[in-house]
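Chains, contacts and geometry: an overview
Listed here are the chains, written in short residue letters.
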Amino acid sequence: TELEFANLKLSGAYAFDLGPVVLSPGLALDLFDFRFKATETTFGNSEEIDEFMPVPMLFLRAAAEVGVLTASVEVGYLQTPELDNSEVMLLDIEALLELRPAENVLLFAGYRAMEIDGKGETDSSSFEVDLSVRGWAIGVGVLF
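Below: a short report on this structure. (Residues numbered from 1 in each chain as written. Predicted model: local features only at pLDDT ≥ 70, side-chain atom pairs only at ≥ 80, totals over all residues. Heavy atoms only, no water.)

Let us look at the layout of surface pockets. The calculated volume of the largest pocket comes to roughly 1,300 Å³. Taken together, 41 residues make up the lining of the largest pocket; nearest its centre are Ser11, Arg61, Leu96, Glu98 and Leu106. Among the elements that take part in the lining of the largest pocket, strand 8 (residues 126-142) stands out by supplying eight residues, more than any other. Along the lines of polarity and charge, the residues of the lining of the largest pocket split into 22 nonpolar, ten polar and nine charged. (1 Å grid on protein atoms, 1.4 Å probe; cavity = no way out; pocket = protein on both sides within 12 Å on 5 of 7 lines; lining within 4 Å. Points joined across faces, edges and corners; volume = space filled by probe spheres on them. Helix = DSSP H or I, 4+ residues; strand = E, 2+ residues; numbered from the N terminus. Nonpolar A, V, L, I, M, F, W, Y, C, P; charged D, E, K, R; others polar.)

Spelled out as structure tokens, the structure:
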């Protein structure tokens, strides 16, 4: 089997300043590029799924700032009802430490965990996905 998985997350939120903590509910769009290929070695049969899936979801972020360092936790969730033999559950959790070396730039490091459980149909076949993706993340952000 082969699995290729890429994710890009775009989000927008409204911040409520509650003193030392800022709570920010918002809407995110997780973009998934999912490629899976399974080959049965005895007879050479194979199946392939190649899907690009945009998944909107609600999320809540809590953050606390100390100088140029910010610690945050974000939880996003989506549960769709079954429609046209398709349904999905997505849980996206991340914890980050952010450093702002400049006004519009941030550096971050943290841990992200995604749980994806769904079923649906591609062009020629049906599929079920039960996938956990977890790991460390580092990156750069631009604020505007």
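Let us keep going from here.
This paragraph deals with the pattern of salt bridges. One pass over the full model with this rule turns up 13 salt bridges. Close ionic contact of Arg35 with Asp50 constitutes a salt bridge, the shortest N to O distance being 3.3 Å. Of this pair, Arg35 sits in strand 3 (residues 21-39) while Asp50 sits in strand 4 (residues 46-66), and the two are 15 residues apart along the sequence. On the accessibility criterion, Arg35 (37% relative accessible area) is partly exposed. Notably, a salt bridge pairs Arg100 with Glu98, separated by 3.9 Å at the nearest N-O pair. Given the relative accessible area of 33%, Arg100 is considered partly exposed. Overlapping salt bridges bring together Lys9, Asp30, Arg61, Glu74, Asp92, Glu94 and Arg112 as one network. (Salt bridge = Lys/Arg side-chain N within 4 Å of Asp/Glu carboxyl O. Buried < 20%, exposed > 50% of the residue type's maximum accessible area, 1.4 Å probe, protein only.)

Another point: the environment of Val75. Looking at where Val75 falls in the secondary structure, it is placed in strand 5 (residues 69-79). Between the C-alpha atoms of Val75 and Ser11, which are 64 residues apart in sequence, the distance is 12 Å. Not counting residues up to four positions away in its chain, the partners in contact with Val75 are Leu58, Phe59, Leu60, Leu91, Asp92 and Ile93. (Contact = heavy atoms within 4.5 Å.)

Right, let's talk about the packing of aromatic side chains for a bit. Ring pairs (aromatic) are described by centroid distance and by the angle formed between their planes. According to the stated counting rule, one finds three aromatic pairs in the structure shown. Seen from their ring centres, Phe5 and Phe32 are 5.6 Å apart, and the 35 degrees between their planes marks the pair as tilted. With Phe5 in strand 1 (residues 2-13) and Phe32 in strand 3, the pair connects residues that are 27 residues apart, well separated along the chain. Look at Phe32 and you get buried, because its relative accessible area is 3%. Between Tyr111 and Trp136, the aromatic rings sit 5.1 Å apart at their centres with planes inclined by 70 degrees, giving edge-to-face as the arrangement. Of this pair, Tyr111 sits in strand 7 (residues 105-121) while Trp136 sits in strand 8; the two residues are 25 residues apart in sequence, bridging distant segments of the chain. Assessed through its relative accessible area of 33%, Tyr111 is described here as partly exposed. Assessed through its relative accessible area of 73%, Trp136 is described here as exposed. (Phe/Tyr/Trp six-rings, centres within 6.5 Å; stacked < 30°, edge-to-face > 60°.)

Let us look at the pairing of strand 3. Of the strand pairs in this sheet, strand 1 and strand 3 are connected by twelve bridges, and their pairing is antiparallel. For Leu3, the partnering residue across the bridge sits in strand 3 and is Phe36. Two elements, strand 2 (residues 16-17) and strand 3, share two bridges in a ladder whose sense is antiparallel. Of the residues in strand 3, the one forming a bridge with Asp17 is Val22. With antiparallel pairing between neighbouring strands as the criterion, strand 2 and strand 3 make up a hairpin whose turn holds three residues, including Gly19 at a positive phi of roughly 85 degrees. As paired strands, strand 3 and strand 4 are joined by 19 bridges and run antiparallel to one another. Across the sheet, residue Gly26 finds its bridge partner in strand 4, namely Phe59. The hairpin formed by strand 3 and strand 4 contains six residues between the paired strands, and Gly44 there has a positive phi angle of roughly 80 degrees. (Pairing = 2+ DSSP bridges.)

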